[in-house]
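# Survey of secondary and tertiary structure
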Amino acid sequence: METKQKLQPSLALDLVEPGSDQHMVAAKKTAEKLPEGVTSKMMYRDVVRIAWPSFIELTLTQLASMVDLMMVGQLGAAALAGVGLTTQPKFLMMTMFMAMNVGATALVARNKGAGNRERANLIMRQAMMLTFALSILGGILVFAFAEPLVSFMSSGAKDAATLANGTIYLRIQALGIVTVAVTSTITASLRGAGNSRTAMYYNLTANVVNVIFNYLLIYGHFGFPRLEVAGASLATVIGQVVAMFLAFGSVMSQKNYVHLSFKDGFKPQKDAMLSIFNIGIPAMIEQVIMRTGMIIYSRTVAGLGTMAFATHQVCMNIQALSFMNGQAFAVSATSLMGQSLGRKRPDMAEYYTTRTRRLGMGVSALLMCVFFLFGGQIVALYNNEPEIVETGAKLLMFVALIQPLQSSQFILAGALRGAGDTRATAVIIAVTTLLVRPGLAVLLINQFDLGLYGAWIALAADQLLRSLLVWIRFISGKWKSLRV
């Protein structure tokens, strides 16, 4: 009996025959010619079917993060800056297992395209085992070195309140990192199979729990203790635990294409592990390089003082909301790329990516208008200090300008990852995030005395160059002949 997931096929892909190896290598540069029976409308529908749940999930998740920071912001600039100092160490802690999830998504997608459900489920189990082990290691290290990490991120600042807030926040996050790791692997596997709706449900539930406990624990309402910054961190972990249990429940049901059965065991399988590593290790290198560059960049900005860094953190948090557009459509690009190549149809992979970019860039145009017209009002939701609001509104102009190319970059990078082409993206990230953004920020802040504006000019330059390099890699067509 077919599962519910099998009864919801990718309509356009199901109407084309798997191609030959020769077809996969051939990179036709002629005008687009869709296979017989396939229309653009059908392909757009496939893209949207995967993207819309991811868009809602990612956007509301980021909104929950924004509400989290808004509530913390009411405690003052020191609390806001302290939480901001933990952002890059926290992401660095997550780097190892998030990279393995890139491999899980690409391999599940390709095996679904090839009709090999058993191996898709094996990939998910192996990836879960890897991320579980890596997250324990990362959590222990970050918990043990939380205080020096926050102190390092503060660029030598001696604000005791800021350092104390950052340290307690980061330590609590380290304690809950295993739940994030396991849940993210399940999410990555579901998305690889083209099912983004299930992850939307459990992550949205977790966000609601997070916001509720923020209200209870930050300020001490309804008899709960007033924990302030520690309460914000604890509320996040409680939400993550809820998401993990719901995620397990979703894949232990037979209704999804990827299914977890403990009786199948978690014994390491060499070939599956190597496949995950083949894609995941370059992705890990990419993430480590990116986080290293972001740490240098963040420390440079932190040296401008508590008020400037608080403003920067608010604008970075708002900019992260704009990422959700590109990331949601990147989920479609990754899944449909992998499934198309699993059927040996790189032509369909290219057609899908083109349509995904068009949709993503359309949404980005709307975001441009929002940031241009309502930047000051958005910043004021975090903190109504006139200096923060005025400077933040100007910085959001940079965010508005880079929206279309930023969206395109996310989508094309997602497509390349779906093809297993993670080495190229790692090199691009190394050039832009490790060299261009921090190097230009140091130059503009220290030599040209542009302050916070110099940092954001550097950020815009990074995004624009990265978008160009990712586009050049995609149109080269080298991803069409990769084996994973």
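Check the entry above for the structure.
Report on the accompanying structure. Predicted model only: the values in this text are computed from it and were never measured.

The tally for this structure, following the rule as stated, stands at ten salt bridges. Residue Arg473 is joined to Asp421 by a salt bridge in which the shortest nitrogen-to-oxygen separation is 2.8 Å. Of this pair, Arg473 sits in helix H18 (residues 451-476) while Asp421 is found in the loop between helix H16 (403-418) and helix H17 (422-447), placing the two residues 52 residues apart along the sequence. Salt-bridge contacts for Arg466 lead to Asp462; the nearest nitrogen and oxygen are separated by 2.8 Å. On the criterion of helical spacing, the pair formed by Arg466 and Asp462 is a turn pair, its members being four residues apart in helix H18. Overlapping salt bridges bring together Arg437, Asp462 and Arg466 as one network.

Backbone geometry places Phe222, a non-glycine residue, at a positive phi of 55°. With respect to the helices and strands, Phe222 occurs in the loop between helix H10 (197-219) and helix H11 (229-251). In this structure, Glu228 takes a positive phi of about 55° despite not being glycine. Here Glu228 shows up in the loop between H10 and H11.

Taken together, the side chains of Val427, Val431, Leu465, Leu468, Trp471, Ile472 and Ile475 present a nonpolar region at the surface, about 550 Å² in accessible area. Every element with two or more residues in the nonpolar patch is listed here: H17 and H18. With five residues, the single largest contributor to the nonpolar patch is H18. By the secondary structure assignment, Ile475 is in helix H18.

Let us now look at the packing of aromatic side chains. Counting across every chain of the model gives four aromatic pairs. Pairing Phe213 with Phe224 gives two aromatic rings, centres 6.3 Å apart and planes at 90°, and the pair type is edge-to-face. Within this pair, whereas Phe213 is found in helix H10, its partner Phe224 is found in the loop between H10 and H11, the two being separated by eleven residues in sequence. On the basis of relative accessible area, Phe224 is assigned to the partly exposed category, the value being 34%. Positioned above the aromatic ring of Tyr257, the side-chain terminus of Arg117 is 5.6 Å from the ring centre. Between Arg299 and the ring centre of Phe152, over which it is positioned, the NZ or CZ distance is 4.1 Å.

Between two packed helices, what matters for the description is the angle formed by their axes and the separation of those axes. For the pair helix H14 (residues 346-380) and helix H15 (residues 386-401), the least separation of the axes is 8 Å and the interaxial angle reads 155°. Classified by the angle their axes make, H14 and H15 are roughly antiparallel. As for how H14 packs across H15, the hand of that crossing is right-handed. When H14 is examined against H15, the residues Met368, Phe371, Phe372, Gly375, Gly376, Val379 and Ala380 are found in contact with a partner set consisting of Ile388, Val389, Gly392, Ala393, Leu396, Met397, Val399, Ala400 and Leu401. Of the residues in the contact of H14 with H15, the class split is 13 nonpolar, three polar and no charged.

Further remarks concern the environment of Met128. Among the structural elements, Met128 can be located in helix H6 (residues 117-144). Judged by relative accessible area, which is 6%, Met128 ranks as buried. Here the alpha-carbon distance between Met128 and Ala104, two residues 24 residues apart in the chain, equals 9.1 Å. Setting aside chain neighbours within four positions, we find Met128 in contact with Val182, Thr185, Ile186, Phe248 and Leu260.

Here Met124 shows up in helix H6. Spatially, the C-alpha atom of Met124 lies 9.9 Å from that of Thr187, the residues being 63 residues apart in sequence.

Taking 1.5 Å of rise per residue, the 27 residues of helix H5 (residues 87-113) would be expected to cover 39 Å, and the 37 Å separating its terminal C-alpha atoms lies within 8% of that figure. Along its length, H5 shows its largest kink, about 50°, at Thr95. For H5, the buried fraction is high: 23 of the 27 residues fall into the buried class. Trailing H5 by a residue or two, Gly115 shows a phi angle of about 75°, which is positive.

Definitions and limits used
- Residues numbered from 1 in each chain as written.
- Predicted model: local features only at pLDDT ≥ 70, side-chain atom pairs only at ≥ 80, totals over all residues.
- Heavy atoms only, no water.
- Salt bridge = Lys/Arg side-chain N within 4 Å of Asp/Glu carboxyl O.
- Helix = DSSP H or I, 4+ residues; strand = E, 2+ residues; numbered from the N terminus.
- Patch = residues over 30% accessible without salt bridge, like charges linked within 9 Å, V, L, I, M, F, W, Y side chains within 5 Å.
- Areas by Shrake-Rupley, 256 points an atom, 1.4 Å probe, with all protein chains shown as cover.
- Phe/Tyr/Trp six-rings, centres within 6.5 Å; stacked < 30°, edge-to-face > 60°.
- Buried < 20%, exposed > 50% of the residue type's maximum accessible area, 1.4 Å probe, protein only.
- Lys NZ or Arg CZ within 6 Å of the ring centre and 35° of its normal.
- Axes fitted to C-alpha atoms, helices over the stretch in contact; angles between N-to-C directions.
- Parallel < 35°, antiparallel > 145°, perpendicular 65-115°, else oblique.
- Left-handed = near helix turned anticlockwise from the far one by under 90°.
- Contact = heavy atoms within 4.5 Å.
- Nonpolar A, V, L, I, M, F, W, Y, C, P; charged D, E, K, R; others polar.
- Expected span 1.5 Å × (residues − 1).
- Bend = angle between axes of the 7 residues up to and from the residue.

The values are spatial; any link to function lies outside them.
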